[in-house]
Amino acid sequence: MQRPIQTYTDNYGQTIEFTIPSPHTKICINISGGADSAILLYMLIRYCEKYIPTAEIHVITSANSIKGWKNAKWSTTVVDRILQIFYYTTLIKSHYTFYSDDQRRSELDDAEKMIKKRTGITFTIHGTTQNPPLEVSKDFGLEQFKGRDPGHGRTTMSNGFYVHARYMPFMNADKRMVAYLFKQFNMLEELFPFTRSCEWQKGNTTARIDAPEFYVDVANPGDKHCGECWWCKEREWAFGRL
């Protein structure tokens, strides 16, 4: 039996569809500690509690020096907060964090395969969004990032290429959709403050030297947002706040 598809349309005409297709019940979700994956985890638990009560959710986090290792801390903060919001849920079965000196898709793929071998997951879900319109990205100091720019042509669902199905429901919408979802679920105060998008990189010798436009020369913001890196600007553009 096919499961329901939930449709959301924001104030800018962007529409996403959210579902966990049959027969998947063992699901892996990538959590970074940022707003995108946080609201996605909220939506996933909300959906599974109603339609797949026997689901098993396994959380995976890639902690790396590119993000100052802070995604290890903030992903845990997000998961802890979600467990407070869904006080009685038993759906989350594990949270696996691996550490790397860079952001390598191949390492995430390998980690997902390992989780699949250990838990039998057949479905992975990611909160990747589309970039803002190009003229907005340029204002943030980024000329072009083709992999996520509008018109990228990537699908929201990949079946089999990664050995298991990989789902990116936000892939064809920018972060304004994420802001809409936080408002839609009344999570702007309940969950959003527990997320962090900043990727401040001053003085980090392992920063991606091939993309210096991502990083800024400002004081270390600690656990706050620097307000000047590309990701901070994208967050503030969409939410009107950091």
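Preceding block: the structure.
Residues numbered from 1 in each chain as written. Predicted model: local features only at pLDDT ≥ 70, side-chain atom pairs only at ≥ 80, totals over all residues. Heavy atoms only, no water.

*Asks:* Which parts of the structure should I look at to understand the side chain of Ser 37?
*Replies:* In this fold, Ser 37 is placed in helix α1 (residues 35-51). Owing to a relative accessible area of 5%, Ser 37 belongs among the buried residues under this scheme. Setting aside anything within four residues of it in sequence, one finds Ser 37 in contact with Ile 29, Asn 30, Ile 31 and Ser 32. (Helix = DSSP H or I, 4+ residues; strand = E, 2+ residues; numbered from the N terminus. Buried < 20%, exposed > 50% of the residue type's maximum accessible area, 1.4 Å probe, protein only. Contact = heavy atoms within 4.5 Å.)

*Asks:* Any chance you could explain unusual backbone geometry here in plain terms?
*Replies:* Most peptide bonds take the trans configuration, and most residues that are not glycine carry a negative phi. In this structure, the amide linkage connecting Ser 22 to the following residue, Pro 23, adopts the cis form with an omega of 10°. Position of Pro 23 relative to the elements: it lies in the loop between β2 (15-18) and β3 (26-30). Notably, Asn 186 is not glycine yet its phi reads approximately 55°, a positive angle. On the secondary structure map, Asn 186 appears in the loop between α5 (175-184) and α6 (230-239).

*Asks:* Can you help me understand the packing of aromatic side chains in this one?
*Replies:* Describing an aromatic ring pair means giving the distance of the ring centres and the angle of the ring planes. Throughout the structure, instances matching the rule amount to 13 aromatic pairs. Considering the side-chain rings of Phe 18 and Tyr 47, the 5.6 Å spacing of their centres and the 80° angle between planes classify their relative orientation as edge-to-face. Of the two residues, Phe 18 is situated in strand β2 and Tyr 47 in helix α1; the sequence distance between them amounts to 29 residues. Side by side, Phe 18 and Tyr 47 carry an identical accessibility label, which is buried. Pairwise contacts between aromatic rings join Phe 18, Tyr 47, Tyr 51, Phe 123 and Tyr 167 into one cluster. Sitting over the face of the ring of Tyr 12, Arg 176 holds its NZ or CZ atom 4.3 Å from the ring centroid. (Phe/Tyr/Trp six-rings, centres within 6.5 Å; stacked < 30°, edge-to-face > 60°. Lys NZ or Arg CZ within 6 Å of the ring centre and 35° of its normal.)

*Asks:* I keep staring at the side chain of Thr 124 and nothing clicks. Help me out?
*Replies:* Positionally, Thr 124 belongs in strand β6 (residues 123-125). Setting aside residues up to four positions removed in sequence, Thr 124 forms contacts with Cys 28, Glu 112, His 164, Ala 165, Arg 166 and Tyr 167.

*Asks:* Whenever I open this one, the nonpolar core confuses me. Can you help?
*Replies:* Nonpolar side chains in soluble globular proteins tend to be buried together. Membership of the largest hydrophobic core comes to 46 residues, with the highest contact counts inside it found for Phe 18 and Leu 181. Sort the elements by how many residues they give to this core and α1 lands first, with 11 residues. Apart from the residues lying within four places of it in its own chain, the contact partners of Phe 18 are Pro 4, Ile 5, Gln 6, Tyr 8, Leu 40, Met 43, Leu 44, Tyr 47, Ile 125, Tyr 167 and Pro 169. Phe 140, Trp 200, Cys 226 and Trp 231 belong to the second largest nonpolar core, which has nine residues in total. (Core = buried A, V, L, I, M, F, W, Y, C linked by side-chain atoms within 4.5 Å.)

*Asks:* Looking at this model, I keep getting lost on the sheet that holds β3. Mind explaining?
*Replies:* The strands making up a sheet associate through hydrogen bonds between their backbones, and the pairing can be parallel or antiparallel. The strand order β5-β4-β3-β6-β8-β7 describes an open sheet built from six strands, whose pairing is mixed. The outermost strands of the open sheet, each flanked by one partner alone, are β5 (92-100) and β7 (157-158). Pairing analysis gives five bridges linking β3 to strand β4 (residues 56-64), with the strands arranged parallel. Counted as the bridge partner of Cys 28 is His 58 from β4. Sheet strands touched by α1: β3, β4, β5 and β6. Its angle to β3, the strand with the most contacts, is close to 165°. (Pairing = 2+ DSSP bridges. Axes fitted to C-alpha atoms, helices over the stretch in contact; angles between N-to-C directions.)

*Asks:* Help me out: how do you make sense of helix α3 (residues 105-119) in this one?
*Replies:* Each full turn of the α-helix corresponds to 3.6 residues, which orients residues three or four apart in the same direction. With 15 residues, α3 should cover 21 Å at 1.5 Å per step; its first-to-last C-alpha distance of 21 Å lies within 8% of that length. Just beyond α3, the residue with positive phi is Gly 120, at close to 85°. (Expected span 1.5 Å × (residues − 1).)

*Asks:* Explanation requested: the environment of Asn 71 in the structure shown.
*Replies:* By the element assignment, Asn 71 lies in helix α2 (residues 70-85). A sequence separation of 127 residues divides Asn 71 from Cys 198, and the C-alpha atoms of the two residues are 9.8 Å apart. Among the polar contacts made by the side chain of Asn 71, one reaches the main-chain carbonyl oxygen of Ser 62 at a distance of 2.4 Å. (Polar contact = N/O pair within 3.5 Å; in protein donor to acceptor, adjacent residues only side chain to side chain.)

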